[in-house]
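Single-letter residue listing:
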Amino acid sequence: MNGLAGPLHGLANQECLRWLLDFQEKYGKHWTNEDIKEYVRDTLKAGQVVPGFGHAVLRRTDPRYEAEVAFGTKHFKDDNLVKLVRACYDVIPTELPKLKSGVANPFPNVDAASGALLMHFGLDQFDYYTVLFGVSRSFGVMSALLWDRALGLPIERPNSITLEDLQKICEKMDK
């Protein structure tokens, strides 16, 4: 679980939520799209990234983000934080490339919305977010293992190797 606690992985939704809450603290509940543009500019001028926008692999809006926003918009129409997440989607993908050259993917990823939904449900203790992230991943692993058993596939036992073993493998490949 501790391996998931980095700012680009397990802490990513916390970083996004912190950015949104700091925005709300500065602009209040009656913000505008111009306020979002200004806050993005200020964030970049401070040498920081806009959390939740961009993904190492995806080159379009993360479909998980789209699902979260659709859910939030449908069920929590009056939640200001959910509205802000949606407004960020309307503003940031077009503004980010204007303000920072070389942005290959200005689109939101799943972390841009998940924290807002967790807050809506009362999960305001950020320390639990990484736990939820890890538990959800374990469900995927568990389901794969259950299918392995159901299909009669052999038990998977990962091997661990030392750095010395790895060096020997690389040396053999060089020959």
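The following paragraphs examine the structure supplied in this document. (Residues numbered from 1 in each chain as written. Predicted model: local features only at pLDDT ≥ 70, side-chain atom pairs only at ≥ 80, totals over all residues. Heavy atoms only, no water.)

Examining helix H5 (residues 111-120)
In terms of burial, H5 is largely enclosed, as 8 of its 10 residues are buried. Close packing links the buried residues of H5 with helix H1 (12-27), helix H3 (63-75), helix H4 (80-99) and helix H6 (127-150). One or two steps after H5, the chain reaches glycine 122, where phi turns positive at roughly 90°. (Buried < 20%, exposed > 50% of the residue type's maximum accessible area, 1.4 Å probe, protein only. Helix = DSSP H or I, 4+ residues; strand = E, 2+ residues; numbered from the N terminus. Contact = heavy atoms within 4.5 Å.)

Topic: the nonpolar core
With 29 residues, the main nonpolar core has Trp19, Ile36, Val40, Val50, Leu84, Cys88 and Ile92 as its most contacted residues. Of all elements in the fold, only H1, helix H2 (33-45), H3, H4 and H5 reach the threshold of two or more residues within this core. Take this core: its biggest share by element is 8 residues, from H4. When neighbours within four sequence positions are excluded, valine 50 is seen to be in contact with Trp19, Val40, Thr43, Leu44, Ile92 and Leu96. (Core = buried A, V, L, I, M, F, W, Y, C linked by side-chain atoms within 4.5 Å.)

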